[in-house]
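Read off the chains here:
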Amino acid sequence: MTQQNKNEWPLWEVFIRSKAGLDHKHAGSLHAADAQMAIENARDVYTRRMEGVSIWVVESKNIIASDPGEADSLYEPANDKIYRHPTFYNLPDEVKYM
Amino acid sequence: MSVQSFQEHFDSLIDREVTIEPKDWMPNDYRKTLIRQISQHAHSEIIGMLPEGNWITRAPSLRRKSVLLAKIQDEAGHGLYLYSAAETLGVTRDSLYDQLHSGKAKYSSIFNYPTITWADMGAIGWLVDGAAIMNQVPLCRTSYGPYARAMVRVCKEESFHQRQGFEIMLTLSKGTDVQHKMAQDAFNRWWWPSLMMFGPPDAESPHTEQSVRWRIKRMTNDELRQKFIDVTVEQAKVLGLEVPDKDLKWNEERGHYDFGPINWDEFWNVVKGNGPCNKQRLETRKKAWENGQWVRDAAMAHAEKRKARKAEAAKAA
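To start, this report covers the structure provided alongside it. (Residues numbered from 1 in each chain as written. Chains lettered and ligands numbered in written order. Predicted model: local features only at pLDDT ≥ 70, side-chain atom pairs only at ≥ 80, totals over all residues. Heavy atoms only, no water.)

Looking now at the nonpolar core. Ranked by size, the top nonpolar core spans 96 residues in total, and within it Leu30(A), Tyr30(B), Ile38(B), Tyr144(B), Phe187(B), Trp190(B) and Trp191(B) carry the most contacts. Ranked by residue count, the leading element in this core is helix H5 (residues 119–136) of chain B, at 10 residues. Those residues in contact with Tyr144(B) that sit more than four places away from it in its chain are Thr19(B), Ile20(B), Glu21(B), Pro22(B), Met26(B), Tyr30(B), Leu34(B), Ile38(B), Ala85(B), Thr88(B) and Leu89(B). (Core = buried A, V, L, I, M, F, W, Y, C linked by side-chain atoms within 4.5 Å. Buried < 20%, exposed > 50% of the residue type's maximum accessible area, 1.4 Å probe, protein only. Helix = DSSP H or I, 4+ residues; strand = E, 2+ residues; numbered from the N terminus. Contact = heavy atoms within 4.5 Å.)

As structure tokens, then:
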């Protein structure tokens, strides 16, 4: 969608782990000449208040995203499989914990 | 799906308060309005650094200097969050910069006023950031996902900006006579332009209705302005400063403060480029951008050279 301007630094997506034990989460994007600079810029732009302990950067053009227009058919297979949820099963009242 | 059914689907998402994301279908006008609004906001953050930059080297103490630097760095950050949100709508960063530098895009006209004393750092933090927060908090629930998420981040950081400004004003106001006068003088100069930050009266704001419908705007200019006045007048009492409006009066019936007429001629004049600092702000910004060109080019050349070297090493191995 975004046409790459010749002189413009490439766009990177930034993912941040806010603390040990948690997943990296998308924080936003930024421009940088290379991966190293993207990490350094991400530190300045997205972690000025100790918001992260780890940063991932991925050049935006390498992200492949699903098409929201195809969401219905994409997720359809899971639609009628309620037996995948524990609440589908009735247990006798005597069973206290399961 | 036909364009019409796309439109119906979009409308129903908006009505159900579902967030719109970059790859979702959206009407052209929605996209254009968002690009304009988000980039204007980003430009305001970037230009907004300039009036305060004026005082970094002259901050009265190391503490004040550290705080001011941190605040200005936040503003750069806010500009960057917002530019990247705008880019998800399919515009390039450079084209947004071009629009700012050519004068085609606007930024908040408050930044076209000069910062002539240290008290202006207090007044800007307290009033200008205060008004900005009033504007921005409802935008955390705006319909466009990347914009709303950027605003959440901005709002979290902005409240320190207002508090540090209030603290400067309080210190000056409780200080010597000269300091108190300095605080009052800054208040006098920044009060009316701060009220103008909310934009023209609703009756003269033709886009408000559509923007409220799209949840790009969540409260009207007049509603936000009134809200700002009501809270700020109370804060001025704590500061021991006088609101520079002889018509200001509590209206029991409305449950709001009544206030005097705003000089909209001044507002439009500054918007059109005739404010005290329009020319200076834009020139400073353009110069910074142009003087940085060689750095951007060098960084890119360096990155390409490193990439080529790596590729060669991989081939040799």
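With 25 residues of chain A in contact, the opposing surface of chain B contributes 27 residues. When the two sides are added together, the surface that chain A and chain B hide from each other amounts to roughly 2,100 Å², 52% of it contributed by carbon and sulfur. Between Asp74(B) and Arg48(A) there is a salt bridge, and its shortest N-O distance comes to 2.7 Å. One can count 12 residue pairs in polar contact (both at pLDDT 80 or more) joining chain A with chain B. Every element with two or more residues in the side of chain A that touches chain B is listed here: strand S2 (24–31) and helix H1 (35–46) of chain A. Per-element tally for the side of chain A that touches chain B: the top contributor is H1(A), with five residues. (Buried area = accessible area lost by both parts, 1.4 Å probe. Salt bridge = Lys/Arg side-chain N within 4 Å of Asp/Glu carboxyl O. Polar contact = N/O pair within 3.5 Å; in protein donor to acceptor, adjacent residues only side chain to side chain.)

Right, let's get into the packing of helix H2 (residues 28–53) of chain B against H5(B). All names here are of chain B. Closest axis-to-axis distance for the H2/H5 pair is 12 Å, and the angle between their directions is 170°. One element, H2, and the other, H5, form an angle in the roughly antiparallel class. Contact residues: H2 offers His41, Glu45, Pro51 and Glu52, while H5 offers Met121, Ile124 and Gln136. Looking at the contact of H2 with H5 residue by residue, the class counts come to three nonpolar, two polar and two charged. (Axes fitted to C-alpha atoms, helices over the stretch in contact; angles between N-to-C directions. Parallel < 35°, antiparallel > 145°, perpendicular 65-115°, else oblique. Nonpolar A, V, L, I, M, F, W, Y, C, P; charged D, E, K, R; others polar.)

What follows concerns the packing of helix H3 (residues 62–87) of chain B against helix H6 (residues 145–173) of chain B. Working note: a packed helix pair is described by the angle between its axes plus the distance between those axes. Residue and element names in this part refer to chain B. Look at H3 against H6: their axes get within 10 Å of each other, and the N-to-C directions meet at 160°. Here H6 runs roughly antiparallel to H3, going by the angle between their axes. Both H3 and H6 take part in a crossing whose hand is left-handed. Considering only residue class, the contact of H3 with H6 consists of 12 nonpolar, four polar and nine charged. (Left-handed = near helix turned anticlockwise from the far one by under 90°.)

Time to look at a nonpolar patch on the surface. A cluster of nonpolar side chains, contributed by Ile82(A), Tyr83(A), Phe88(A) and Tyr89(A), occupies part of the molecular surface with about 440 Å² of accessible area. On the secondary structure map, Tyr89(A) appears in the segment after helix H2 (71–79). (Patch = residues over 30% accessible without salt bridge, like charges linked within 9 Å, V, L, I, M, F, W, Y side chains within 5 Å. Areas by Shrake-Rupley, 256 points an atom, 1.4 Å probe, with all protein chains shown as cover.)

With that settled, the discussion passes to the pairing of strand S1 (residues 11–17) of chain A. Residues and elements named next belong to chain A. S1 sits mainly inside the fold: six of its seven residues count as buried. As paired elements, S1 and S2 share seven bridges and run antiparallel to each other. Across the sheet, Phe15 pairs through a bridge with His26, a residue of S2. Joining the antiparallel neighbours S1 and S2 is a turn of six residues, in which Gly21 adopts a positive phi near 100°. (Pairing = 2+ DSSP bridges.)

Residues and elements named next belong to chain A. The three strands lie next to each other as S2-S1-S3, forming an open sheet whose pairing is antiparallel. Each of the sheet's edge strands pairs with one partner strand only, and the pair in question is S2 and strand S3 (54–59). Direction aside, the axes of adjacent strands within the sheet are offset by 25° on average. With six bridges joining them, S1 and S3 adopt antiparallel strand pairing.

With that settled, the discussion passes to the pattern of salt bridges. Think of it this way: side chains of opposite charge can pair up when their charged atoms draw near. All names here are of chain B. Counting across every chain of the model gives 26 salt bridges over all chains. The partner of Asp15 in a salt bridge is Arg213, with the nearest N and O atoms 2.8 Å apart. Pair noted here: Asp15 is in helix H1 (residues 3–15) and Arg213 is in helix H8 (residues 208–213), with a separation of 198 residues, a long-range link. The exposure class of Asp15 is exposed, given its relative accessible area of 53%. On the basis of relative accessibility, which here comes to 36%, the residue Arg213 falls in the partly exposed class. With its nearest N and O atoms 3.2 Å apart, the salt bridge here joins Arg218 to Glu17.

Residues and elements named next belong to chain B. Here the phi dihedral of Glu17 falls at roughly 60°; this positive angle occurs in a residue that is not glycine. The topology assignment puts Glu17 in the loop between H1 and H2. For Arg215, which is not a glycine, the phi torsion comes out positive at approximately 60°. Position of Arg215 among the secondary structure elements: in the loop between H8 and helix H9 (221–239).

Function-wise, these values are silent; they only describe arrangement.
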